[in-house]
Amino acid sequence: MNCNPQSEFDLEKVLKIERRDMIVMEIDSYLNEKSEYGEKIKKLNSSQRTFLFVENLEREINNGGFNQFYFNSSGDFSQETVTALLEIGANKTAEIVKRANSEFKNGTVPKERTERQNELELIEEKAEENWNNCYSEFYKYQENITELLISFVLKNKSDFEK
């Protein structure tokens, strides 16, 4: 079941998928396609953006750690990702991301990708130890992000049926 924005997204059908991680992946795919992989983030409502920011973080960290998260377009939303994690109840993970963000000047990750990548080059050596610690802590999965996201979707169901 691969949803493209032209086809109707059937949340009820997706929520019946047996594997919980596949539920999250289907919603994530739908939202990525709808927002053109974050390029048109304004096409998503607030709840959908929250979901997408959390999933982008998880995908990037799993693929290449915090450096990759900041290097790619997901880093455009570093600050919003902290808020999104708090919104779904992933407070410990939000703290980890805050700590990782703190390596940037004034703890603020530049929204503009080229500017962020330039700053990354300057700080990555100094930041590496902290990011590795954050990465290790992230992998302990003290919070079940998959279940938190599914609960968030169920609480805000009407926002995901649009």
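Below, the structure is looked at part by part.

Criteria and thresholds
Here the residue numbering is sequential within each chain, running from 1 through the sequence in written order. Residue-level local features of this predicted model are given only where pLDDT is at least 70; pairs of side-chain atoms are given and counted only at 80 or more, and the full residue set underlies all totals for whole chains, interfaces and linings. Processing note: side-chain calculations cover all non-hydrogen atoms of the structure and skip hydrogens and water entirely. Here a salt bridge means any side-chain nitrogen of Lys or Arg lying within 4 Å of a carboxyl oxygen belonging to Asp or Glu. For the purposes of this entry, the term helix denotes a DSSP run of H or I that reaches at least four residues, the term strand denotes a run of E that reaches at least two, and both are numbered from the N terminus. Burial classes: relative accessible area under 20% of the type maximum marks a residue as buried, over 50% as exposed, and values in between as partly exposed (1.4 Å probe, protein chains only). Note on definitions: angles span 0 to 180 degrees between N-to-C directions of axes, and those axes are lines fitted to C-alpha atoms, for helices only across the stretch in contact. An angle below 35 degrees is treated as roughly parallel, one above 145 as roughly antiparallel, one from 65 to 115 as roughly perpendicular, and anything else as oblique. By convention the crossing between two helices is left-handed if the near helix lies anticlockwise of the far one by an angle smaller than a right angle, and right-handed if it lies clockwise. Contact criterion: two residues are considered in contact whenever any of their non-hydrogen atoms come within 4.5 Å of each other. Under this grouping Gly is polar, as are all residues other than the nonpolar Ala, Val, Leu, Ile, Met, Phe, Trp, Tyr, Cys and Pro and the charged Asp, Glu, Lys and Arg.

Here's the deal with the pattern of salt bridges
If charged atoms from side chains of opposite charge come close, those side chains can pair. Within this structure, the stated rule accounts for 11 salt bridges. Across the pair E147 and R20 runs a salt bridge whose closest N-O atoms are separated by 2.8 Å. Of this pair, E147 sits in helix α7 (residues 145-155) while R20 sits in helix α2 (residues 20-34); the two residues are 127 residues apart in sequence, bridging distant segments of the chain. The shortest N-O distance in the salt bridge between E103 and K126 comes to 3.0 Å. Of this pair, E103 sits in the loop between α5 (91-101) and α6 (113-139) while K126 is found in helix α6, placing the two residues 23 residues apart along the sequence. Given the relative accessible area of 15%, E103 is considered buried. Through salt bridges that share partners, E36, K40 and K43 make up one connected network.

Concerning the packing of helix α3 (residues 46-71) against α5
Across the interface, α3 lies against α5 with an axial gap of 11 Å and an inter-helix angle of 20°. The angle between α3 and α5 falls in the class roughly parallel. Here α3 and α5 pass one another in a crossing that is left-handed. The segment α3 lies against α5, with L57, F66 and Y70 engaging T93, I96, V97, A100 and N101. A breakdown of the residues in the contact of α3 with α5 according to their chemical character gives six nonpolar, two polar and no charged.

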